[in-house]
Amino acid sequence: MLIRRVALILRIGASLFFFASLILLFKPELVAGYIGFDSAVVTPELRWILQMMGAVFLVPALLAPVVAAFAGERGLRQAASGMTFIWLAIATLMVFAPVKWGNGKFSVIAIGYLFSFGYLYALRGRRRNR
């Protein structure tokens, strides 16, 4: 059961990371506006940083499905533990982001905490399944 839960959440999270990375790579202004940045502060430097984030997001987007498909229980537990902290960090950093509070900021925070707690729920049964 642990393997199925973790693998499912890894695949769903990977698809979300993949679509986010594509949007960040090709339309960083759209993401900046969605998060809450004013169009006046979207400089070429901010655009470049958002595109670099898109490139970094490709790493979990491409590796998580591989781990979900081929890793054993121990590998899945380790991947889920790492992804828990990644999603928790994304959500917590977004809380302190210097942008106005809006639907975009709330949705990124909610998705981050949702995935983080989803991984914790999936890992919850690890002692029972041994």
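On a predicted model such as this, the values are computed, not experimentally measured, just so you know.

Colleague: Mind showing me how you'd approach the overall build of the protein here?
Modeller: Along the protein, the regular secondary structure elements total five helices and zero strands. Walking the protein from its N terminus toward its C terminus, one meets helices and strands in the order α-α-α-α-α. Relative to all contacts within the protein whose residues are 6 or more apart in sequence, the contacts with residues 24 or more apart total 76%. Taken as a whole, the protein presents about 8,000 Å² of accessible surface, with 72% of it coming from carbon and sulfur. Considering the protein, the positive charge centre built from 14 side chains and the negative charge centre built from 4 side chains are found 21 Å apart.

Colleague: How should I be thinking about the side chain of Arg5 in this particular structure?
Modeller: Mapped onto the secondary structure, Arg5 falls in helix 1 (residues 2-26). Looking at Arg5, its side chain comes within polar contact range of the main-chain oxygen of Ala122, at 3.3 Å.

Colleague: Looking at this model, I keep getting lost on helix 1. Mind explaining?
Modeller: Along an α-helix, residues three or four positions apart point the same way, because every turn accommodates 3.6 residues. With 25 residues, helix 1 should cover 36 Å at 1.5 Å per step; its first-to-last C-alpha distance of 36 Å lies within 8% of that length. Buried residues of helix 1: Leu2, Arg5, Val6, Ala7, Ile9, Leu10, Gly13, Ala14, Phe17, Ser21 and Leu24, and no others. Considering only its buried residues, helix 1 is in contact with helix 2 (28-35), helix 3 (44-70), helix 4 (73-95) and helix 5 (103-123).

Colleague: So what exactly am I meant to see when it comes to the packing of helix 3 against helix 4 here?
Modeller: In a pair of packed helices, the angle between the axes and the distance between the axes together describe the arrangement. It is the contact of helix 3 with helix 4, at a shortest axis distance of 11 Å, that shows an interaxial angle of 155 degrees. Considering the angle they form, helix 3 stands roughly antiparallel to helix 4. Of the two elements, helix 3 crosses helix 4, and the hand of that crossing is left-handed. Contacts from Phe57, Pro60, Val67 and Ala68 of helix 3 reach helix 4 at Gly75, Leu76, Ala79, Met83 and Ile90. Of the residues that constitute the contact of helix 3 with helix 4, the class distribution is eight nonpolar, one polar and no charged.

Colleague: What exactly am I supposed to notice about the pattern of salt bridges here?
Modeller: Per the counting criterion, the structure on display carries two salt bridges. Where Arg47 meets Glu29, a salt bridge forms, and the shortest distance between an N and an O atom there is 2.6 Å. With Arg47 in helix 3 and Glu29 in helix 2, this residue pair connects regions lying 18 residues apart in the sequence. Accessibility expressed as a relative area gives 37% for Glu29, which makes it partly exposed. Measuring nitrogen to oxygen at the nearest pair gives 3.8 Å for the salt bridge that ties Lys100 to Asp38. Taken together, the residues Lys100 in the loop between helix 4 and helix 5 and Asp38 in the loop between helix 2 and helix 3 connect sequence positions 62 residues apart. What makes Asp38 partly exposed here is its relative accessible area of 45%.

Reading the values: rules and limits
Residues numbered from 1 in each chain as written. Predicted model: local features only at pLDDT ≥ 70, side-chain atom pairs only at ≥ 80, totals over all residues. Heavy atoms only, no water. Helix = DSSP H or I, 4+ residues; strand = E, 2+ residues; numbered from the N terminus. Contact = heavy atoms within 4.5 Å. Areas by Shrake-Rupley, 256 points an atom, 1.4 Å probe, with all protein chains shown as cover. Lys, Arg positive; Asp, Glu negative; His and termini not counted. Charge placed at Lys NZ, Arg CZ, Asp CG, Glu CD. Polar contact = N/O pair within 3.5 Å; in protein donor to acceptor, adjacent residues only side chain to side chain. Expected span 1.5 Å × (residues − 1). Buried < 20%, exposed > 50% of the residue type's maximum accessible area, 1.4 Å probe, protein only. Axes fitted to C-alpha atoms, helices over the stretch in contact; angles between N-to-C directions. Parallel < 35°, antiparallel > 145°, perpendicular 65-115°, else oblique. Left-handed = near helix turned anticlockwise from the far one by under 90°. Nonpolar A, V, L, I, M, F, W, Y, C, P; charged D, E, K, R; others polar. Salt bridge = Lys/Arg side-chain N within 4 Å of Asp/Glu carboxyl O.

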